[in-house]
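Examination of the molecular architecture
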Amino acid sequence: MARDRASWDEHTTFMFLDLVAKQKELSHWADRSPTSLGWSNIVRSFNESTKLGYRKKQLQNKFNDLKRAYFNWRDGCSHTGLGRDPDTGEVAADPVWYAAVHGERSQPGEKYKRPPCCAQLFDLFGHTPRDRGELVSAGGHGTDENVSSGGTPDTPQELSDEPVGVRSGGQSSKRSSRDYSVCSPMKKKSSQTPSIDDCLDDLTHIIKESREHKSRHITEAEEMAKVNKILKEDGYSESDLFFAQALNICTNRLHRRAFLDLETKEGRMNYVKVTWDVMTLKS
């Protein structure tokens, strides 16, 4: 039965994006979103796995929210006046600059919050931002020396309507004009600026880690599904204590591989009982 309001946690979101990625690999993909066939497959597989009974529209809304959050975060990391915290991955904003652009009541970081399951979203949409290092204040708002007492966050002094004085020793222009400072940080050459090769190496490393993590997750899920199927074929039901003990033991990769390598029901039963007794004694 479909639910009127969807509830999402990190595990459910991870599973949902994993199903979306599978449809993309199967070429059931349009412009940054699955095709109609892809969505039909996603809705069926998602509800079979979670028993939540969500409708297609609810899943599409969640997908659009995640996509919007990802691109806001990505664009925020390269936006003038913004930077990225290297520890949390969140976008950091200079409060003075943010108040001048978005209004004094705006809270920096709300729009540019790092989305959940960012590695999977990168796999779907690409273009992860590179850490830009220290946050710099835009337009000279960083110190009190550059802002006079008449300036406000909404109307910075550098953008005031007062004309700039004529420079000495130069011929004045025939046409009256006013010079304004640009509200953006000065570009400076730095010996720490990464080369193109460094950027490509970092991007390759990110893609490799993302794919390895995804591959491990898929392999573990497939192996646990095999364990579940074997236990049911051996005659155990989900309400049996032995069934729960076997699943608990098989969450460990080595135990799971050993269980799957056994060929007889008796061998699997003895292995689970012995392993469970050893684990109980250790605890």
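As recorded in an unreviewed UniProt entry, the protein chain goes by the name Myb/SANT-like domain-containing protein, listed as coming from Eragrostis curvula.

Turning next to the packing of helix 1 (residues 10-25) against helix 5 (residues 118-125). Two quantities define a packed helix pair, namely the angle between the axes and the distance from one axis to the other. Direction vectors running N to C along helix 1 and helix 5 enclose 20 degrees, while the axes themselves pass 10 Å from each other. With respect to helix 5, the axis of helix 1 lies roughly parallel. Note on packing geometry: the crossing formed by helix 1 with helix 5 is left-handed. In this structure, helix 1 uses Phe 14, Leu 17, Asp 18, Val 20, Ala 21 and Lys 24 to contact helix 5, whose residues at the interface are Gln 120, Leu 121, Asp 123 and Leu 124. Considering only residue class, the contact of helix 1 with helix 5 consists of six nonpolar, one polar and three charged.

This part covers the packing of helix 1 against helix 3 (residues 56-77). Interaxial distance between helix 1 and helix 3 falls to 12 Å at its minimum, and their mutual angle equals 95 degrees. Looking at the two axes, helix 1 sits roughly perpendicular to helix 3. Between helix 1, through Thr 13, Phe 16, Leu 17 and Val 20, and helix 3, the contact on the second element is made entirely by Leu 59, Lys 62, Phe 63 and Leu 66.

On average, residues of the protein chain carry a pLDDT of 74, and 63% of them reach 70 or more. Residue range residues 128-138 is modelled with pLDDT below 50. Its contacts to residues more than four positions away, or to other chains, number 37 contacts.

Glancing now at the environment of Pro 116. Its place among the elements puts Pro 116 in the loop between helix 4 (95-102) and helix 5. Its relative accessible area of 39% is what places Pro 116 among the partly exposed residues. When the C-alpha positions of Pro 116 and Ala 69 are compared, they lie 9.0 Å apart, and in sequence the two are 47 residues distant. Excluding residues within four positions of it along the chain, Pro 116 makes contact with Leu 66 and Leu 121.

About the cut-offs
- Residues numbered from 1 in each chain as written.
- Predicted model: local features only at pLDDT ≥ 70, side-chain atom pairs only at ≥ 80, totals over all residues.
- Heavy atoms only, no water.
- Axes fitted to C-alpha atoms, helices over the stretch in contact; angles between N-to-C directions.
- Helix = DSSP H or I, 4+ residues; strand = E, 2+ residues; numbered from the N terminus.
- Parallel < 35°, antiparallel > 145°, perpendicular 65-115°, else oblique.
- Left-handed = near helix turned anticlockwise from the far one by under 90°.
- Contact = heavy atoms within 4.5 Å.
- Nonpolar A, V, L, I, M, F, W, Y, C, P; charged D, E, K, R; others polar.
- pLDDT = per-residue confidence, 0-100.
- Buried < 20%, exposed > 50% of the residue type's maximum accessible area, 1.4 Å probe, protein only.

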